[in-house]
Amino acid sequence: MIVTITMNPSVDISYPLEHFQLDTVNRVSKVRKTAGGKGLNVTRVLEQLGADVLASGLLGGELGDAIQHELTSAGIKHAFSPISGKTRNCIAILHEGKQTEILEQGPVISASEAEDFLVHFEQLAEDATILSFSGSLPAGLPVDFYSEMLAICQQKKKPVVLDCSGKALQAVLESQEKPTVIKPNLEELSELLAFEVTNELPVLKEALRNERFAGIEWIVVSLGAHGAFAKHGNTFYQVNIPKIDVVNPVGSGDATVAGITYALEQGKSAEELLKIANVLGMLNAQEAVTGQVNLMNFPHLYNQIKVAKV
């Protein structure tokens, strides 16, 4: 069973606009609301792949109830830990080929709620074959909370795919507990390493050889339309992808995480993992609904992706 963790879930609201104007009224005719947070996007894609997946994390308030109801209605297993605070809204305004996001901070987690979750999480990790942690940590949790969760997984010898950024990722890199996979983008790499990381191969290689990433088996770097670059052990991979028509890019990174997690659980080769992950990211970008993929198009894109050792 794959366990996905979303510590700061949300109801994701998408506002598509032909033109977005400041300081005036913008009317939206097609509003989409979905159970969101990066980990729940991962969950939905895994469910569409036919994986045995269970979603967990922290939920509270009416929006938390709505998220659980939506997951139940979709036939997705879930086991969230309750909190007294209220789950947040996150708004994405899609306009003129751009994406403007308005993200609520979310609830403040108490020390007792954090401890209750770790007890709950220990059982989840026991039953899991692999886990994915996605997104930000809510206020109230210590910056090294993911490291505490990784320590539990390490004790139980369970692999973890981690997709986070900022101080939470820095804390993980500074700890002894390492995930199996991290998935930073160029901006996050540049912030971590304090120099500009571009998509040029020598620069990427230098960045991923940095001692801060020691002990991490897989580093997969998203390069947007330019594909991806990855380091597996001591081997580097360049991933070239075909050009596609993008409908909604929200959640494409999460679909990629779903592909990585699925491929690891299935024991796929490095090349297969990178192809599956990138195909799912592209399939998500071709759909209006976040976390939705049309698997009928999977073989066509899969066969166009080129993965090379570099």
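Looking up the chain in an unreviewed UniProt entry gives the name Tagatose-6-phosphate kinase, with the organism given as Enterococcus thailandicus. Looking at the Catalytic activity (unreviewed entry) heading of the UniProt record, one finds this comment for the chain: "D-tagatofuranose 6-phosphate + ATP = D-tagatofuranose 1,6-bisphosphate + ADP + H(+)".

Caption draft 1: Representation of the nonpolar core within the structure. In this structure, M7, F121, L131, F133, F145, Y146 and M149 are the most contacted members of the largest nonpolar core, which totals 48 residues. When near neighbours in sequence (up to four residues on either side) are disregarded, Y146 contacts M7, F133, S134, G135, S136, L137, L162, C164, A168 and V172. Counting 38 residues, the second largest nonpolar core, distinct from the first, contains V181, L274, L280 and L301.

Caption draft 2: Molecular detail of the sheet that holds strand 2 (residues 10-17). Here we have four strands laid out as an open sheet, ordered 3-2-7-8, and mixed in their pairing. Taken across any chain shown, the strands that pair with only one partner, and hence form the sheet edges, are strand 3 (32-36) and strand 8 (98-103). Put simply, the sheet's adjacent strands are angled 20° from each other on average, direction ignored. With six bridges connecting them, strand 7 (residues 88-95) and strand 8 associate as antiparallel partners. Following the sheet pairing, A92 is matched in strand 8 by E101. Sheet contacts for helix 1 (residues 38-48): strand 2 and strand 3; angle to strand 3, the most-contacted strand, approximately 95°. Helix 2 (residues 61-73) rests against strand 2, strand 3 and strand 7 of the sheet, and its axis sits at about 90° to strand 3.

Caption draft 3: Representation of the state of the cysteines. Taken as a whole and judged by the stated rule, the model has zero disulfides. Of all cysteine sulfurs in the structure, the one in C164 sits closest to C153, which takes part in no disulfide; the separation is 13 Å. Residue classification places C164 among the buried residues on the basis of a relative accessible area of 6%.

Caption draft 4: Up close: the side chain of N8. Mapping N8 onto the fold places it in the loop between strand 1 (2-6) and strand 2. Given a relative accessible area of 5%, N8 falls into the buried group. Side-chain polar atoms of N8 contact the backbone oxygen of Q105, separated by 3.3 Å. Not counting residues within four places of it along the chain, the set of residues in contact with N8 comprises R88, Q105, G106, P107, S136, L137 and P138.

Caption draft 5: Inspection of the environment of K268 at higher detail. Within the secondary structure, K268 is located in the loop between helix 8 (252-265) and helix 9 (270-285). With sequence-adjacent residues up to four places away left out, K268 is seen in contact with A263, L273 and I276.

Caption draft 6: Region of interest: the packing of helix 8 against helix 9. At a minimum axis separation of 7 Å, helix 8 and helix 9 run at an interaxial angle of 150°. As far as their axial angle goes, helix 9 and helix 8 are roughly antiparallel. The way helix 8 lies across helix 9 gives a crossing that is right-handed. Taken together, the residues of helix 9 that come into contact with helix 8 (itself represented by S252, A255, T256, G259, I260, A263 and L264) are L273, I276, A277, L280, G281, N284 and A285. In the contact of helix 8 with helix 9, the residues fall into nine nonpolar, five polar and no charged.

Caption draft 7: Fine view of unusual backbone geometry. Positive phi is not limited to glycine here, since D23 has a value of about 60°. Examined against the element boundaries, D23 turns out to sit in the loop between strand 2 and strand 3. Judged by its relative accessible area of 83%, D23 is exposed. Within the chain, E96 stands out as a residue other than glycine whose phi angle is a positive 50°. Its place among the elements puts E96 in the loop between strand 7 and strand 8.

Caption draft 8: Spotlight on the pattern of salt bridges. Counted by the stated rule, this structure contains seven salt bridges. Between K156 and E122 there is a salt bridge, with the nearest N and O atoms lying 4.0 Å from each other. Here K156 is found in the loop between helix 4 (145-155) and strand 10 (160-163), whereas its partner E122 is found in helix 3 (residues 111-127), with 34 residues between them in sequence. For K156, the salt bridge is made with E126, and the minimal N-O distance between the two is 2.9 Å. Of this pair, K156 sits in the loop between helix 4 and strand 10 while E126 sits in helix 3, placing them 30 residues apart in sequence. The class of K156 is partly exposed, set by a relative accessible area of 21%.

Caption draft 9: Layout of the packing of aromatic side chains. Taken as a whole, this structure holds seven aromatic pairs when the rule is applied. Where F133 meets Y146, the ring centres are 5.7 Å apart and the plane angle is 15°; that geometry is what we call stacked. Here F133 is found in strand 9 (residues 130-134), whereas its partner Y146 is found in helix 4, with 13 residues between them in sequence. Relative accessible area serves as the criterion here: at 0%, F133 is assigned to the buried category.

Reading guide: rules and limits
- Residues numbered from 1 in each chain as written.
- Predicted model: local features only at pLDDT ≥ 70, side-chain atom pairs only at ≥ 80, totals over all residues.
- Heavy atoms only, no water.
- UniProt positions renumbered as here; feature names shortened; annotations may be inferred.
- Core = buried A, V, L, I, M, F, W, Y, C linked by side-chain atoms within 4.5 Å.
- Buried < 20%, exposed > 50% of the residue type's maximum accessible area, 1.4 Å probe, protein only.
- Contact = heavy atoms within 4.5 Å.
- Pairing = 2+ DSSP bridges.
- Helix = DSSP H or I, 4+ residues; strand = E, 2+ residues; numbered from the N terminus.
- Axes fitted to C-alpha atoms, helices over the stretch in contact; angles between N-to-C directions.
- Disulfide = S-S within 2.5 Å.
- Polar contact = N/O pair within 3.5 Å; in protein donor to acceptor, adjacent residues only side chain to side chain.
- Parallel < 35°, antiparallel > 145°, perpendicular 65-115°, else oblique.
- Left-handed = near helix turned anticlockwise from the far one by under 90°.
- Nonpolar A, V, L, I, M, F, W, Y, C, P; charged D, E, K, R; others polar.
- Salt bridge = Lys/Arg side-chain N within 4 Å of Asp/Glu carboxyl O.
- Phe/Tyr/Trp six-rings, centres within 6.5 Å; stacked < 30°, edge-to-face > 60°.

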